[in-house]
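# Coordinates in review
Each chain, letter by letter, is given below.
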Amino acid sequence: AVLVSLARASASYQPVSYEDAAALRLALTAALDSEITAAGDAGEDATYGALKTLRSAVAQDLTVRDASLPSVVTVVLGLPMPALAITQRLYCDASRSDEITARSGAIHPAFCPVSFQALTLGMSPTVNPTIPSVTSSGGSGITMKPVTEA
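Residues numbered from 1 in each chain as written. Predicted model: local features only at pLDDT ≥ 70, side-chain atom pairs only at ≥ 80, totals over all residues. Heavy atoms only, no water.

### Things to note about the overall build of the protein
Each helix and strand counted, the protein has 5 helices and 3 strands in total. Counting helices and strands in the order they occur from the N terminus, the protein gives α-α-α-β-α-α-β-β. In the protein, buried positions account for 33% of the 150 residues. Put simply, the protein shows about 8600 Å² of open surface, and 61% of that area lies on carbon and sulfur atoms. (Helix = DSSP H or I, 4+ residues; strand = E, 2+ residues; numbered from the N terminus. Buried < 20%, exposed > 50% of the residue type's maximum accessible area, 1.4 Å probe, protein only. Areas by Shrake-Rupley, 256 points an atom, 1.4 Å probe, with all protein chains shown as cover.)

Here's what the structure looks like:
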């Protein structure tokens, strides 16, 4: 009953990023797999079949939804910069400065740390394609790296 409730809750949950949805999918399918195995071992064929169907539906739903979500990248700055400047350079949209301030853990929007995680614009691995990912010796460039799973 708990897994059915979790599956229902996952249908209304709005993941923020691809990684968020993928982690939820992995956790739910692992929990369902455990119960599927237990039902199969106990000879509960109806429960086994229902849980297999539920697992398939949960995995498909989260896979479809995560395909359109932005990924998380690590942003590395040459110098500390204000959130407004960062969001304008990354997204060409300074209205997202509160998001950068929150994601970077900055104590003040005028002084963001030189390395933090941010969302890409959409499904692509780049943030703002007009910004080169590595700049020369200017020191104020932005480097973006995909976040690797641990």
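From this point, the narrative continues.
### Concerning the nonpolar core
Grouped together as the largest cluster of nonpolar side chains are 15 residues, with contacts concentrated most on Val75, Ile86, Ile100 and Phe116. Counting residues in each nonpolar core, the second largest holds 9 residues, with Leu28, Ala39, Val58 and Leu62 among its members. (Core = buried A, V, L, I, M, F, W, Y, C linked by side-chain atoms within 4.5 Å.)

### What about the packing of helix α2 (residues 18-41) against helix α3 (residues 45-66)?
Following both chains from N to C, one finds α2 and α3 inclined at 170°, their axes separated by 9 Å at the closest point. Taken together, the axis directions place α2 and α3 in an arrangement best described as roughly antiparallel. Here the contact of α2 with α3 is built from residues that sort into 14 nonpolar, 4 polar and 6 charged. (Axes fitted to C-alpha atoms, helices over the stretch in contact; angles between N-to-C directions. Parallel < 35°, antiparallel > 145°, perpendicular 65-115°, else oblique. Nonpolar A, V, L, I, M, F, W, Y, C, P; charged D, E, K, R; others polar.)

### What to know about the packing of aromatic side chains
Centre-to-centre distance and the angle between the planes together describe a pair of aromatic rings. What the rule picks out here adds up to 0 aromatic pairs. We note arginine 96 situated over the ring of tyrosine 91; from NZ or CZ to the ring centre the distance is 3.7 Å. (Phe/Tyr/Trp six-rings, centres within 6.5 Å; stacked < 30°, edge-to-face > 60°. Lys NZ or Arg CZ within 6 Å of the ring centre and 35° of its normal.)

### Quick word on the side chain of aspartate 66
By secondary structure assignment, the location of aspartate 66 is in helix α3. In contact with aspartate 66, not counting residues within four places along its chain, are Tyr18, Ala21, Ala22 and Arg25. (Contact = heavy atoms within 4.5 Å.)

### Brief notes about the pattern of salt bridges
Under the criterion given, the structure shown has 4 salt bridges. A salt bridge links arginine 55 to aspartate 33, with the nearest nitrogen and oxygen atoms 2.5 Å apart. Within this pair, whereas arginine 55 is found in helix α3, its partner aspartate 33 is found in helix α2, the two being separated by 22 residues in sequence. With a relative accessible area of 26%, arginine 55 lands in the partly exposed category. Note that glutamate 99 is salt-bridged to arginine 96, the shortest N-O span being 3.0 Å. Under the relative-accessibility criterion, glutamate 99 is labelled partly exposed at 23%. (Salt bridge = Lys/Arg side-chain N within 4 Å of Asp/Glu carboxyl O.)

### Some thoughts on the pairing of strand β1 (residues 72-77)
Summarising burial for β1: 5 of the 6 residues are buried, a large majority. Taken together, the 5 bridges between β1 and strand β2 (residues 115-119) define a ladder with antiparallel strand orientation. Note on β2: the bridge partner recorded for valine 72 is leucine 119. (Pairing = 2+ DSSP bridges.)

Any functional reading would require information that these geometric values do not contain.
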